[in-house]
Amino acid sequence: MTGPAPVTVLMNAGPWLSVPPPGYGGIENVVATLVPELRRLGVRVVLASVGSSTLDVDERLSVFADGQFSALQRPYNQVCGIAQAHLGGVVRALRERDDIDLVHDHVEAVGLATLTAMGPGAPPVLHTLHWDLGKHPDLYGQLDGGERVRVNGVSAAQLARAPAALRAHSVGHVHLATPLAVDADRRPAAEPGEHVLVLGRINPGKGQDVAARLARRAGFPLVLAGPVGPYHRPEELAAAGDQARQNPDVRFWYEQVAPHVDGVQVRWVGTVAGADRDDLVASARATLFPLRWEEPGGTAVVESLALGTPVVATARGCLPELITHGRTGLLTEDEDELADLLFAATLIDRDECRREAVLRFTPEAMARRYVELYERVRQQSGPV
Ligand code: UDP
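Because the structure is predicted, anything quoted here is derived from the model rather than measured.

Colleague: I'm lost on the sheet that holds strand E5 (residues 125-128) in this one. Help?
Modeller: The strands that make up a sheet pair up through hydrogen bonds in the backbone, lying either parallel or antiparallel. An order of E3-E2-E1-E4-E5-E6-E7 is seen for the 7 strands of this open sheet, with the pairing classed as parallel. What marks the edges here is a single partner per strand, and that holds for strand E3 (59-62) and strand E7 (170-173). Averaged over neighbouring strand pairs, the angle between their axes works out to 20 degrees when direction is ignored. Of the strand pairs in this sheet, strand E4 (residues 102-105) and E5 are connected by 3 bridges, and their pairing is parallel. In the sheet register, Val 103 faces E5, and the bridge partner there is Val 125. The strands touched by helix H3 (residues 108-116) are E4, E5 and strand E6 (149-153); relative to E4, the strand with the most contacts, the crossing angle is about 160 degrees.

What follows is the structure, encoded as C-alpha cells:
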C-alpha cells in the first residue's frame, strides 16, 4: 500500500547568509531549525539559498555562491537588486517544474511581492513575517488580495500590530523554537553565577543602554553579547575608525552604551557562538531584555528558557506570550523596575524554565505547526 505523495516545499531562505548561518543569523537559524524536523515528518525540502549552505536537504537552488550579507550596508535599491536576482532564480525554477506544492518564503517584502506577482497557476505561498510590522507599516504596501498567498507571524503580538491588509492574509502564528530545548548534550551543566546577560544585536530596540545604566546604578555585573552593526569583535570595531559611525547601531553604541562600559562591571564580549554562547546563557543569573521595540519573535528568549535561565524583560511584543510572569521570568512595564526584578529572578525555578521550553519551543512542535499551516494554505488556495 502506498501512502499519499510527500509534500514538496520550496524553502526560500534568501541570499544573505548560508544556512545554517556562520554566526548571527535570525532567519537562517529558523530555517536550519525547522527543515530537519519537516523532513522527519516526511516533507521534501528544496532549499533556495546560497551555494555555501550546508544544511541537509533534498535539493538546493542558488544564484549566489556565498552570502551577500555585507551588501546590506548598501543603498536600499541595491539591496533590493540582490534580493531580486536571487528571486529570479526561484521564479525560473517554479516556472520550469511542476513538483513544488508550496513555497515557504522568508524574504521580507520583496520576496512576497515577487511571488505574488507570479499569478494563478503558480504554487501557493506561505510567507513568514519576521519583523515588527507596526514599525514598518508600508513594507508590504502593494500586496494584493490573491488567494494564493498567505502569511504567518512568529507571535500573536506581532500579527496584532501588522497592517490590516496583511492581517487579512494571515493563517496564524508559529512561535520560534530552539534545538536547545531537546538537545541535552548541548546544555551545559553550568552553575548559575552572578552575571546578568543581554544577548542580541546591539540596537536601540534591544535596549543595551538601559541595561548598562541600570547595572552601574544598581551594582550588578553585566555582560553584553552581540554584534554592533557588522562588527563582531571589539577589536574589529576599534579598527574600523570613524567612518563606521555611519551605521546607526555603531552610533548608538558609542553615544549611548559605551560610556557605561568599564570592562569590569559592564563588559561587551562581542558576538558569542556555539558552546561559548550556551555557557554564557546557562551561567547567567538571568537574561535581560530591556526592550524598547515590540520584539516580534524572541529566539534569544526561548534559548534562555531552554538553558534554564530565567528571563527578566519589559513586557513588550511577544514577551508576555513566551514568559509566564513569576514562573519562567519576570516582566514589567517600567524599565526602572528591571533592576529589582533581576535580584528577584534568583527565586525562579530553573527546571521550570527548561520544562516550559520542552513543552512549547521544540523544533518538532514548530515543524508540526508549519505542516498544519501548509495544509491550510494549500486547501485555501484551491487547485494549482
Ligand atoms: N546570537 C548569537 N550570538 C550573539 C548574539 C545573538 O548567537 O552574540 C543569536 C541568539 O542566540 C539568537 C539570535 O542571534 O539565536 C537572535 O535572534 P532574536 O530573535 O533573539 O533577535 P533578532 O536579532 O532576530 O531580532
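Once you've had a look at it, read on.
Colleague: Explain helix H9 (residues 274-282) to me, please; I cannot follow it from the model alone.
Modeller: Two residues of an α-helix separated by three or four positions point the same way, owing to the 3.6 residues in each turn. Every buried residue belonging to H9 is among Arg 277, Asp 278, Leu 280, Val 281 and Ala 282, and all of these are buried. Buried residues along H9 sit against strand E8 (196-199), strand E9 (222-225), strand E11 (286-289), helix H10 (299-306) and helix H13 (350-360).

Colleague: Explain the packing of aromatic side chains to me, please; I cannot follow it from the model alone.
Modeller: Note on aromatic pairs: each is described by the distance of the centres and the angle between the planes. Counted by the stated rule, this structure contains 3 aromatic pairs. Between Trp 131 and Trp 293, the ring centres sit 5.5 Å apart and the planes meet at 70 degrees, which makes this aromatic pair edge-to-face. Pair noted here: Trp 131 is in the loop between E5 and E6 and Trp 293 is in the loop between E11 and H10, with a separation of 162 residues, a long-range link. Classification of Trp 131 by relative accessible area gives partly exposed; the value is 32%. For Trp 293, a relative accessible area of 8% puts it in the buried group. A ring pair is formed by Tyr 370 and Tyr 374, whose centres lie 6.2 Å apart and whose planes are at 35 degrees; its orientation type is tilted. Placement of both Tyr 370 and Tyr 374 in helix H14 (residues 363-381) is noted, with a separation of 4 residues, approximately one turn of the helix. The two residues Tyr 370 and Tyr 374 agree in class, both being buried.

Colleague: Looking at this structure, how should I read the pattern of salt bridges?
Modeller: It is possible for side chains bearing opposite charge to pair when their charged atoms get close. Taken as a whole and assessed by the stated rule, the structure comprises 25 salt bridges. With its nearest N and O atoms 2.9 Å apart, the salt bridge here joins Glu 37 to Arg 40. One end of the pair is Glu 37 and the other is Arg 40, both in helix H1 (residues 26-40) and 3 residues apart, which spans about a single turn. Within this structure, Arg 327, Asp 349, Glu 352, Arg 355, Glu 356 and Arg 360 form a network of salt bridges that share partners.

Colleague: For this particular structure, what's the right way to read the pairing of E6?
Modeller: Looking down a regular strand, the side chains alternate between one sheet face and the other. Summarising burial for E6: 5 of the 5 residues are buried, a large majority. Here E6 shows a buried face lined by Val 149, Val 151 and Gly 153 and a second buried face lined by Arg 150 and Asn 152. Sheet topology places E5 next to E6; 4 bridges connect them, and they run parallel. Note that in E6 the partner of Thr 128 across the bridge is Asn 152. In this sheet, E7 lies alongside E6 in parallel orientation, the contact comprising 2 bridges. Residue pairing across strands places Val 151 opposite Ser 170, the latter belonging to E7.

Colleague: Mind showing me how you'd approach the domain arrangement of the protein chain here?
Modeller: Per the domain assignment, the segments making up the protein chain are domain 1 (8-177 + 362-381) and domain 2 (180-360). Summarising the inter-unit geometry, the C-alpha centres of domain 1 and domain 2 are found 27 Å apart. If you look at the interface, domain 1 gives 18 residues, while domain 2 gives 21 residues. Inspection of the region where domain 1 meets domain 2 yields 0 salt bridges. For the side of domain 1 that touches domain 2, the elements supplying multiple residues, two or more each, are helix H4 (156-161) and H14. With 4 residues, the single largest contributor to the side of domain 1 that touches domain 2 is H4. The residue makeup of the side of domain 1 that touches domain 2, split by class, is 9 nonpolar, 7 polar and 2 charged.

Rules used in this analysis
- Residues numbered from 1 in each chain as written.
- Predicted model: local features only at pLDDT ≥ 70, side-chain atom pairs only at ≥ 80, totals over all residues.
- Heavy atoms only, no water.
- Pairing = 2+ DSSP bridges.
- Helix = DSSP H or I, 4+ residues; strand = E, 2+ residues; numbered from the N terminus.
- Axes fitted to C-alpha atoms, helices over the stretch in contact; angles between N-to-C directions.
- Contact = heavy atoms within 4.5 Å.
- Buried < 20%, exposed > 50% of the residue type's maximum accessible area, 1.4 Å probe, protein only.
- Phe/Tyr/Trp six-rings, centres within 6.5 Å; stacked < 30°, edge-to-face > 60°.
- Salt bridge = Lys/Arg side-chain N within 4 Å of Asp/Glu carboxyl O.
- Domains from an automatic or database assignment.
- Nonpolar A, V, L, I, M, F, W, Y, C, P; charged D, E, K, R; others polar.

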